[in-house]
Amino acid sequence: MKSKIMKLVLWDSVVTTKKALFDQVATLLQENGVIESPKQAIKLWQQREKAGSTMIDQLLAAPHAQGRSIKRNTVVLVHTCKPIQQWDEHDDAQNFIFCCIQQDISKLDADIITRTLKLAISDDSQHAFQQNAKSQIIKILDF
């Protein structure tokens, strides 16, 4: 069985707040048929954020949502021009991997998303994120 995960890239976003970034990514998801309404994804992300930080390390956050309203498993790589101040209560974030997961995700797709997140925290990725090396990051993460 072949994975059907959609991978999108949003590089050098000029947004400066978490709310604006949620709005921008949710709109991108709607435009690509992943969700019907941006509000659906935003609500799921906000619920997840209340449960705890989505910071993976000092360079990367991974907001994620899982629900019936998500039509296709999708991963969005985002880099902002400037860090989002206080992404969680303590840390700023400039690189993101938004995961939108269907309620009934297959094991194959779950494993691929997990692999992507593990690659994102590899030494090679961390170095590429520090250098703002878009093409290198896309290659490492297989986008």
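Residues numbered from 1 in each chain as written. Predicted model: local features only at pLDDT ≥ 70, side-chain atom pairs only at ≥ 80, totals over all residues. Heavy atoms only, no water.

### What to know about the overall build of the protein
Let me state the cut-off plainly: Secondary structure elements are taken from DSSP: a helix is a run of H or I of four residues or more, a strand is a run of E of two residues or more, and numbering for both begins at the N terminus. For a compact globule the rule gives 2.2 Å times the number of residues to the power 0.38, and the radius of gyration it is set against comes from C-alpha atoms. A simple rule labels every residue: compare its accessible area, found with a 1.4 Å probe on the protein chains alone, to the largest value its type can have, and call it buried under 20%, exposed over 50%, or partly exposed in between. Pairs of residues are marked as contacts when any of their non-hydrogen atoms sit within 4.5 Å. All accessible-area figures derive from a Shrake-Rupley calculation using a 1.4 Å probe, and residue coverage is judged against the displayed protein chains alone. Positive residues here are Lys and Arg, negative ones are Asp and Glu, while His and the chain termini are left out of the count. To locate a charge, take NZ of a lysine, CZ of an arginine, CG of an aspartate or CD of a glutamate.
Along the backbone of the protein there are five helices and six strands. Taken from N to C terminus, the helices and strands of the protein fall in the order β-α-α-β-β-β-β-β-α-α-α. Its C-alpha atoms give the protein a radius of gyration of 14 Å, near enough to 15 Å, the size a compact globule of 143 residues would have. Dimensions of the protein, computed from C-alpha atoms along their principal axes, come out at roughly 35 × 30 × 25 Å. Taking all 143 residues of the protein together, the buried fraction comes to 43%. In the protein, the share of contacts with a sequence separation of at least 24, taken over all contacts with a separation of at least 6, comes to 64%. For the protein, the accessible area works out to roughly 7800 Å², and carbon and sulfur atoms hold 48% of it. Across the protein, 18 positive and 16 negative side-chain charges occur, with their mean positions spaced 7 Å apart.

### Quick look at the pattern of salt bridges
What counts is decided by this rule: Salt bridges are defined by distance alone: a side-chain nitrogen of Lys or Arg within 4 Å of a carboxyl oxygen of Asp or Glu.
Scanning the model with the defined rule gives four salt bridges in all. Two residues, Asp23 and Lys19, come together in a salt bridge whose shortest N-O distance is 3.0 Å. In this pair, Asp23 and Lys19 are both assigned in helix α1 (residues 18-31), four residues apart and thus about one turn of the helix distant. What makes Asp23 partly exposed here is its relative accessible area of 29%. The salt bridge involving Glu36 is made with Lys71; its shortest N-O contact spans 3.1 Å. Residue Glu36 is located in the loop between α1 and α2 (38-51), and its partner Lys71 is located in the loop between β4 (64-67) and β5 (74-84); the two are separated by 35 residues in the primary sequence. Overall, the relative accessible area of 53% leaves Glu36 in the exposed class.

### So, unusual backbone geometry
The phi dihedral of Gln86 falls on the positive side, at around 50°, and the residue is not glycine. Positionally, Gln86 belongs in the loop between β5 and β6 (93-102). Of note, the phi angle at Asn132 is positive, near 55°, even though the residue is not glycine. Looking at the element boundaries, Asn132 is found in the loop between α4 (123-130) and α5 (134-141).

### Digging into the side chain of Ser13
Note the following rule: The term polar contact refers here to a pair of N or O atoms within 3.5 Å; inside protein, the definition further demands a hydrogen-donor-capable atom paired with an acceptor-capable atom, and it admits residues adjacent in sequence only when both atoms are side-chain atoms.
Structurally, the position occupied by Ser13 is in strand β1 (residues 6-13). A polar contact is formed between the side chain of Ser13 and the backbone nitrogen of Val15, at a distance of 3.4 Å. Ignoring any residue separated from it by four or fewer positions in sequence, one finds Ser13 in contact with Leu21, Gln24, His79, Thr80 and Cys81.

### A closer look at the packing of α4 against α5
Inclusion rule: Axis lines are fitted to C-alpha atoms, over the contacting stretch for helices. Their N-to-C directions set the angle, which ranges from 0 to 180 degrees. For classification purposes, angles smaller than 35 degrees are called roughly parallel, those larger than 145 roughly antiparallel, those between 65 and 115 roughly perpendicular, and all remaining angles oblique. Helix crossings fall into two classes, left-handed where the near helix is turned counterclockwise from the far one by less than a right angle and right-handed where it is turned clockwise. Ten residues, namely Ala, Val, Leu, Ile, Met, Phe, Trp, Tyr, Cys and Pro, are considered nonpolar, four, namely Asp, Glu, Lys and Arg, are considered charged, and the remaining ones, Gly among them, are considered polar.
Where α4 contacts α5, the two axes come as close as 8 Å, and the packing angle between them is 155°. Judged on the interaxial angle alone, α5 and α4 are roughly antiparallel. Like other packed secondary-structure pairs, α4 and α5 cross with a definite hand, here left-handed. Facing Asp124, Ser125, Ala128 and Phe129 of α4, the residues of α5 in contact are Gln136, Ile137, Ile140 and Leu141. Grouping the constituent residues of the contact of α4 with α5 by class yields five nonpolar, two polar and one charged.

### Topic: the packing of aromatic side chains
As a reminder of what qualifies: Only the six-membered ring of Trp is used, alongside the rings of Phe and Tyr, when aromatic pairs are assigned; centres must lie within 6.5 Å, and planes under 30 degrees apart are stacked while those over 60 apart are edge-to-face, with the rest tilted.
Tallying each qualifying case throughout the model produces six aromatic pairs. Aromatic pair Phe22 and Trp87: ring centres 5.7 Å apart, planes at 85°, arrangement edge-to-face. One end of the pair, Phe22, is in helix α1; the other, Trp87, is in the loop between β5 and β6, with 65 residues separating them in the sequence. Each member of the pair, Phe22 together with Trp87, is buried. Their ring planes at 40° and their centres at 6.1 Å tell us that Phe96 and Phe98 sit as a pair that is tilted.

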